[in-house]
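Per-entry structural report
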Amino acid sequence: LQDKLESAFKNLKGQARITELNVASTIKEIRRALVDADVNYKIAKEFTDKIREKATGEKVLNAISPGQLMVKIVKDELTELMGGEEAVFNAKGNPAVILIAGLQGSGKTTFSGKLANYLKSKKGLSPLLVAADIYRPAAMEQLRVLGEQIGVEVYIEPENKDAVSIAKNAIAESKSRNKNVIIIDTAGRLAVDEQMMTEVADIKNAVNPQEILFVVDSMTGQDAVNTAKAFNERLDFSGVVLTKLDGDTRGGAALSIKYTVNKPIKFVSNGEKMDALDVFYPERMAQRILGMGDITTLVERAQQQFDEEQAKKLESKIRKNKFDFADFKAQLDQIKKMGNMKDLLGMIPGVGAKIKDLDISDESFKGIEAMIDSMTPEERSNPDIINGSRRKRIATGSGKDIAEVNAFMKQFEQMRDMMKNMNKMGAFGRMMPGMG
Ligand code: GDP
Ligand code: MG
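Within an unreviewed UniProt entry, the label attached to the protein reads Signal recognition particle protein, and the organism entered is Niabella soli DSM 19437. According to the UniProt record, the Catalytic activity (unreviewed entry) comment for the protein reads "GTP + H2O = GDP + phosphate + H(+)". On record in UniProt, under Subunit (unreviewed entry), the comment for the protein is "Part of the signal recognition particle protein translocation system, which is composed of SRP and FtsY."

Okay, structure coming up:
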């Protein structure tokens, strides 16, 4: 997903202005990226329609840094879609009962341990873990081991084959054990299954939990949405836990699930260790989905590009081999805004080697500018008329010696030759945006 979105934003790279046209193509790519990441098509479409509406508003079209604004719009919209603010998780009660539900292998037992650890160490609560997965002795043992690891008591009834009564007994027991939060780890199935749903629903009805957390593996893509829907219909859960975010998923599931069931994502789990748990921050997830670090780089570059109109004018001059000192000066002004010129030019495919020997260090800007300033307008637009005596005058005017002026004139000629060659090769379209 990250790569796809990156390429979508690459579209904006080099666009000094966002036009309706490049909004449209960028939107199309963002949508494709989301769909490829298992975001439901309808969700992706509604999402990108909203983005388009905002991006084609006059504000963005006329913005000084539209690329950045566009990224901000996408990020804000993603953040909003995933709940905006971080969700409230309520673990206060006497005792507070938290029911954990989800498919087998989604990470319920691991999360139960993490949550107990979090409530104990971060919230100063006294949790009791309850092993209500009665079908697999290994499941109870797994929870017992986790509890031992984090120093939290685990309630187990190895002989009891009724999950509902185990949950009820545990709550009764919690008072005498001085526990103020009960975390009930339930059994899951590999797929949505009526018996499993009934059992979890029965536990819910018997213990009246104040939080029901639906645990889902973030790697399961579109299936995660269907599972979330089925669980929500039966349990009306209060929040979602996304697990296995330490994998290479970009978090598309977070988007779809939130959109589909409209329940807040409350925690994200990102590893097998007991402290690999985070509260869910929508903005962080939006950044993850967007691969924000890279996007920022792209946006910065986009900002650094030439103004489109100016670039067009320049293009036609270069095409007619009429690039002159006035254009050169204008480009210098642009380039100064962009930072290191040699680095920037070096990034253009096929240019790096050609400029290797040219003196275009940033410090040389000042002298070059002085020399151009010392030219008459006529000289600037007709570099060919700059003969020996004119060079002498320019040298005096700019406080340079004649050799420096000569060297600069030579560099300028080399540059014009390079442009001529690029014209012939048709490579200029790639060199500067809007010039193809
Ligand atoms: P349950 O069947 O829903 O109780 O799932 P488990 O808690 O037993 O987890 C299933 C597997 O996923 C185990 O091997 C866990 O160690 C692993 N697991 C759970 N959460 C995470 C996570 O956030 N990241 C990774 N990498 N593995 C996890
Ligand atoms: Mg389990």
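Continuing now.
1. Here we look at the environment of Ile51
Of note, Ile51 is situated in helix α3 (residues 41–55). Note: C-alpha distance between Ile51 and Met70 (19 residues apart in sequence) is 8.4 Å. When near neighbours in sequence (up to four residues on either side) are disregarded, Ile51 contacts Ile27, Ile30, Ile73, Val74 and Glu77.

2. Here we look at the site of ligand 1
Looking at ligand 1, there are 17 residues lining it, with Gly107, Lys108, Thr109, Thr110 and Ser269 nearest. The element that contributes the greatest number of residues to the shell around ligand 1 is helix α6 (residues 108–121), accounting for three residues. Looking at the shell around ligand 1 residue by residue, the class counts come to one nonpolar, 12 polar and four charged.

3. Here's the deal with helix α10 (residues 222–235)
Taking 1.5 Å of rise per residue, 14 residues should cover 20 Å, and α10 covers 20 Å from first to last C-alpha, within 8% of that figure. Regarding α10, the residues found buried are Ala224, Val225, Thr227, Ala228 and Phe231. Looking straight down α10, one finds its buried side chains confined to an arc of 165 degrees; they lie on one side. As for α10, its buried residues are in contact with β1 (96–102), β5 (211–217), β6 (239–243) and α11 (252–261). Looking one or two residues past α10, Asp236 carries a phi angle of roughly 50 degrees, positive in sign.

4. Describing the nonpolar core
Note on soluble globular proteins: their nonpolar side chains tend to be buried together. If you look at the biggest cluster of nonpolar residues, it comprises 79 residues, and the most contacted ones within it are Val130, Ala167, Ile182, Ile183, Ile184 and Phe214. Looking at which element gives the most residues to this core, the answer is helix α5 (residues 66–81), with six residues. Composition of this core by domain shows at least three residues from each of domain 1 (2–84 + 292–302) and domain 2 (96–280). Beyond its immediate sequence surroundings of up to four residues, Ile184 is in contact with Val97, Ile98, Leu99, Ile100, Val130, Ala132, Ala167 and Ile203.

5. Some thoughts on the confidence of the model for the protein
Residues at a pLDDT of 70 or more form 75% of the protein, whose mean pLDDT is 80. For residues 347–352, every residue scores under 50 in pLDDT, and the model assigns this stretch seven contacts once sequence neighbours within four places are set aside. For the stretch residues 427–436, pLDDT sits under 50, and the model shows 25 contacts to residues farther than four places along the chain or on other chains. Scoring the predicted complex yields pTM 0.66 and, for the interface, ipTM 0.99.

6. Digging into the packing of α6 against helix α7 (residues 137–150)
When two helices pack together, their arrangement is given by the angle between their axes and by how far apart the axes lie. For the pair α6 and α7, the least separation of the axes is 10 Å and the interaxial angle reads 25 degrees. Classified by the interaxial angle, the pair formed by α6 and α7 is roughly parallel. Read as a crossing pair, α6 and α7 show a hand that is right-handed. Note on element contacts: α7 touches α6 through Ala139, Gln142, Leu143, Leu146, Gly147 and Ile150, opposite Thr109, Ser112, Gly113, Ala116 and Asn117. Here the residues of the contact of α6 with α7 sort into five nonpolar, six polar and no charged.

7. Details of α3
When the terminal C-alpha atoms of α3 are compared, their 20 Å separation across 15 residues agrees well with the 21 Å that a helix rising 1.5 Å per residue should span. Along α3, the positions that sit buried rather than exposed are Ala44, Phe47, Thr48, Ile51 and Ala55. Seen along its axis, α3 keeps its buried residues to an arc of 90 degrees; they face one direction. Opposite its buried face, α3 presents the exposed residues Lys42, Asp49 and Glu53, each directed more than 90 degrees away.

8. Some points on the sheet that holds strand β8 (residues 277–279)
Backbone hydrogen bonds are what pair the strands of a sheet, in a parallel or an antiparallel way. With mixed pairing, the eight strands of this open sheet are ordered in space as β3-β2-β4-β1-β5-β6-β7-β8. The two strands at the open ends of the sheet, each matched to only one other strand, are β3 (153–155) and β8. On average, adjacent strands in this sheet sit at an angle of 25 degrees to one another, irrespective of strand direction. Two elements, β6 and strand β7 (residues 265–269), share three bridges in a ladder whose sense is parallel. The residue of β7 that forms the bridge with Val241 is Phe267. In the packing of α6 onto the sheet, the strands contacted are β1, β2 (127–132), β4 (181–186), β5, β6, β7 and β8, and the crossing angle to β4 comes to about 170 degrees. Lying over the sheet, α7 contacts β2, β3 and β4, oriented at roughly 165 degrees with respect to β2.

9. What about the pairing of β1?
In terms of burial, β1 is largely enclosed, as six of its seven residues are buried. Two elements, β1 and β4, share five bridges in a ladder whose sense is parallel. Following the sheet pairing, Leu99 is matched in β4 by Ile184.

10. As for the UniProt feature "domain: SRP54-type proteins GTP-binding" (unreviewed entry) in the protein
The sites that UniProt annotates as "domain: SRP54-type proteins GTP-binding" (unreviewed entry) are residues 264–277. Overall, residues 264–277 shows 0% helix and 43% strand. The separation of its end C-alpha atoms is 16 Å.

11. Description of unusual backbone geometry
For the peptide bond that leads from Asn94 to Pro95, omega is -10 degrees, which places it in the cis range. In this structure, Pro95 sits in the loop between α5 and β1. Despite not being glycine, Asp236 has its phi angle at roughly 50 degrees, a positive value. Mapping Asp236 onto the fold places it in the loop between α10 and β6. Its 12 C-beta neighbours within 10 Å are what place Asp236 among the exposed residues. Here Lys244, not a glycine, exhibits a phi torsion of approximately 60 degrees, which is positive. Tracing the chain through its elements places Lys244 in the loop between β6 and α11. Among the residues examined, Lys244 registers 22 C-beta atoms within 10 Å and is labelled buried.

Conventions adopted
Residues numbered from 1 in each chain as written. Chains lettered and ligands numbered in written order. Predicted model: local features only at pLDDT ≥ 70, side-chain atom pairs only at ≥ 80, totals over all residues. UniProt positions renumbered as here; feature names shortened; annotations may be inferred. Helix = DSSP H or I, 4+ residues; strand = E, 2+ residues; numbered from the N terminus. Contact = placed C-beta atoms within 7 Å. Near = placed C-beta within 6 Å. Nonpolar A, V, L, I, M, F, W, Y, C, P; charged D, E, K, R; others polar. Expected span 1.5 Å × (residues − 1). Buried ≥ 20, exposed ≤ 12 C-beta atoms within 10 Å, placed from the backbone. Arc of directions from axis to C-beta. Core = buried A, V, L, I, M, F, W, Y, C linked by C-beta atoms within 7 Å. Domains from an automatic or database assignment. pLDDT = per-residue confidence, 0-100. Axes fitted to C-alpha atoms, helices over the stretch in contact; angles between N-to-C directions. Parallel < 35°, antiparallel > 145°, perpendicular 65-115°, else oblique. Left-handed = near helix turned anticlockwise from the far one by under 90°. Pairing = 2+ DSSP bridges.

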